[in-house]
Amino acid sequence: MTEAALSPSDVPAARTRASITQSKGFLGLMFMLPAAIFLLVFLTYPLGLGVWLGFTDTRIGRDGVFVGLENYQSLWDDSIFWLSVFNTLLYTVVASLLKFALGLWLALLLNEHLPFKAFIRAIVLLPWVVPTVLSAIAFWWIYDTQFSIISWALMNMGVIDSPINFLGSPNNARATVIFTNVWRGIPFVAITLLAGLQTISPSLHEAATLDGATSWQRFRFITLPMLSPLIAVVMTFSVLFTFTDFQLIYVLTRGGPLNATHLMATLSFQRAIPGGQLGEGAAIAVAMVPFLLSAILFSYFGLQRRRWQQGGSDA
Amino acid sequence: MTYSARPADHAMDDESVGMSYLNRAPRRLVTVYLPLAVFVFVLLFPFYWMTITALKPNDELTNFRDFNPLWPENPTLQHIRYLLFETSYPGWLLNTMLVSLGSTILSLIASVLGAYAIERIRFSGSRWIGLGIFLAYLVPPSILFIPLAVMIFKFGIYDSKLALIFTYPTFLIPFCTWLLMGYFRSIPYELEECALVDGASRWQILTKIMLPLSVPGLISAGIFAFTLSWNEFIYALTFIQSSENKTVPVGVLTELVRGDVYEWGALMAGALLGSLPVVLLYSFFVDYYVSSMTGAVKE
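Thresholds, definitions, all that
All residue numbers refer to positions counted from 1 along the written sequence of the respective chain. The lettering of chains begins at A and the numbering of ligands begins at 1, in the order of writing. In keeping with the model being predicted, local features are shown solely for residues with a pLDDT of at least 70 and side-chain atom pairs are shown and tallied solely at 80 or more, while totals for entire chains, interfaces and linings include all residues. No hydrogens and no water enter the side-chain calculation; it runs on all heavy atoms of the structure. Classification of ring pairs rests on two measures: the distance between centres of Phe, Tyr or Trp rings, Trp counted by its six-membered ring, which must be within 6.5 Å, and the angle between planes, read as stacked under 30 degrees, edge-to-face over 60 and tilted in between. Think of it this way: any DSSP run of H or I at least four residues long counts as a helix, any run of E at least two long counts as a strand, and we number them from the N terminus. Only protein chains enter the calculation, and the probe is 1.4 Å; a residue is then buried if its accessible area is under 20% of its type maximum, exposed if over 50%, and partly exposed in between. Note on definitions: a residue-residue contact is assigned when non-hydrogen atoms from the two residues lie within 4.5 Å. For this analysis, a polar contact is any N or O atom pair within 3.5 Å, provided that within protein one partner can donate a hydrogen and the other can accept it, and provided that sequence-adjacent residues contribute only side-chain to side-chain pairs. When two parts are brought into contact, each loses some accessible area as probed by a 1.4 Å sphere; the total of that loss over both is the buried area. The working definition used for a salt bridge is a side-chain nitrogen of Lys or Arg within 4 Å of a carboxyl oxygen of Asp or Glu. Each helix should span, by expectation, one fewer than its residue count multiplied by 1.5 Å.

Visitor: What is the right way to read the packing of aromatic side chains from this model?
Guide: Centre distance and the angle of the planes are the two values used to describe a pair of aromatic rings. All chains considered together, the criterion is met by 50 aromatic pairs over all chains. With a centroid separation of 6.2 Å and 45° between ring planes, the pair formed by Phe55 of chain A and Phe66 of chain A is classed as tilted. Residue Phe55 of chain A is located in the loop between α2 (11-54) and α3 (70-76), and its partner Phe66 of chain A is located in the loop between α2 and α3; the two are separated by 11 residues in the primary sequence. Relative accessible area serves as the criterion here: at 24%, Phe55 of chain A is assigned to the partly exposed category. Relative to Phe224 of chain B, the ring of Trp128 of chain A lies with its centre 5.9 Å away and its plane at 35°, an arrangement referred to as tilted. A residue pair is termed interchain when its members come from two chains, as with Trp128 of chain A in helix α6 (residues 126-129) and Phe224 of chain B in helix α12 (residues 215-231). Judged by its relative accessible area of 15%, Trp128 of chain A falls in the buried class.

Visitor: I keep staring at the environment of Asn165 of chain A and nothing clicks. Help me out?
Guide: All names here are of chain A. If you trace the backbone, Asn165 turns up in the loop between α8 (149-156) and α9 (170-197). In sequence terms Asn165 and Thr145 are 20 residues apart; their C-alpha atoms lie 5.4 Å from each other. Those residues in contact with Asn165 that lie beyond four places of it in its chain are Thr145 and Asn172. Separated by 3.2 Å, the side chain of Asn165 and the backbone nitrogen of Gly168 make a polar contact.

Visitor: Got a minute to help me understand the environment of Leu36 of chain B in this structure?
Guide: Its place among the elements puts Leu36 of chain B in helix α2 (residues 25-55). The class for Leu36 of chain B is buried, based on a relative accessible area of 5%. Setting aside anything within four residues of it in sequence, one finds Leu36 of chain B in contact with Leu106, Leu109, Leu110, Leu114 and Ile120 of chain A.

Visitor: When you look at the interface of chain A and chain B in this model, what are you seeing that I'm missing?
Guide: Buried accessible area, meaning the area lost when the parts come together, often serves as the stated size of an interface. Taken together, the 107 residues of chain A in the interface contact 111 residues of chain B. With both chains or domains summed, chain A and chain B bury close to 9900 Å², and 80% of this area falls on carbon and sulfur atoms. Interface area lost by chain A to chain B is led by Phe31, Phe42 and Trp141 of chain A, which between them contribute 9%. Here chain A and chain B share 1 salt bridge between them. Residues Lys154 of chain B and Asp63 of chain A are paired through a salt bridge, measuring 3.9 Å at the closest nitrogen-oxygen approach. Across the chain A-chain B interface, the total number found is 6 residue pairs in polar contact (both at pLDDT 80 or more). Tallying contributions element by element places α2 of chain A first for the side of chain A that touches chain B, with 23 residues.

Visitor: Hey, could you run me through helix α9 (residues 169-185) of chain B in this one?
Guide: Residues spaced three or four apart along an α-helix point in a common direction, a consequence of the helix completing one turn every 3.6 residues. Counted at 1.5 Å a residue, the expected span for α9 of chain B with its 17 residues is 24 Å, and the 23 Å between its end C-alpha atoms agrees. In terms of residue burial, α9 of chain B counts as a mostly covered element, since 15 of its 17 residues are buried.

Spelled out as structure tokens, the structure:
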């Protein structure tokens, strides 16, 4: 795009450019070097090493030997592994849907004309800024079996008779960790979608109103279609981070009760670090990759669609 | 980037004036203010609870009958004093600060150079490397920590701050590069052309033209990277063993919880003090923060 605008008939500029072109490869290499070294050594290589470890019986303090698919075979017969897969999918699907619905709602609310709008927008993002582990510790206290403030409030209102056992029984614990994840994820979804909402021209809404559209119709046929490319990307990120979540579970339940909240990431950690079975842990981590790849492909097509919608400027 | 929000804000003002007849006050109360109040309450309550728990004396913590749990009757600083003088907490704060600063600076340097090369030098294959950087951003720490732990052990930097300073850039560099690529793209090519014609080298262009013009982008990337490293947990949990090298999130969780007796006051004080630095940083640079968050998703 910029190239086309600059090249015509500008002879000195064209000549300068030609001389740079010769050294472009070398210059680019030099500038890329620090980032490339870091990413190759600490990202690409470990990815490969992780796949390799998945095929070995490495333990902490002992190099392993190649055992083929043994780790995967034992995982295939491991009911806890399958439970963690189920938990991860449940956690991801429910939490992502809730984050999307509530986040979009909050974005629409913040897009209204409000007093102290900037301030409200700033404090709403706090759950996302504060370290997850630290806010999860606060939640841990909120979900205490005896001294939960939620139970206290509900008991005072006469809704329940005895304290709720938030993290003690499997389904309660699942609902609780999902709620906490949603709590942390809403601000991200809301603020990014709000940025998208602000780019929608108000004149579209005015035109639709003149044509007699109801507010639901304006949302359904103007806001949603205009926002959908951004939604695709935001939700891909959200799904990705929810799927690989570790911190929240580790703080709140460590996978318990009865492994009901073990996600693949926490199971992989538990087997590899406290359990010492690095090979098996790596195999569980590798088993997450197909899911992640499908999320990334989804994101890729989301981005493609965006360019197409904006008139095809593929620059 | 930060300015781009303004015209839109203005436009929204126009809309709400032009179409406000649709939303009269009582109706707005139910459709806007009430749900918003619920959202704000739920989103902020844990912080309120964290703060007052940190200020309550121990006997008030678990006695909901004689004291109103929603307010500290006899606020005390005993938990904070305990934390600062009788635990390794100040050391953890310092470690987190050092690790976050170190990895942020390393990542910024690598990212500025990388983003400039991809966006402006346009060597052959730069588009593919750009795509690769984006994909690297999507690789989650929870599938990397096991092989990284093995490598770090082999390098002999296990249980040291260096282990964290070298591994955090794996998620910071892709993010910062991606953000700065978008920022560099918004700087007119003509400025660079002029400098090239005047005989400036690529290095001079980067340091004398691009960097001064992209200070807001650098601040966005820097703050965001700092916050991400401050909040990082799984690497710090895996690679650090000894108490004196722990970061705040790991230290609070692993050292302040002893056996079955939870010292809730100290735990909450630890969570509060550990959150303050990032919250302060955030409150001073809200716009930069939001622009980096939305910028990373948008492109």
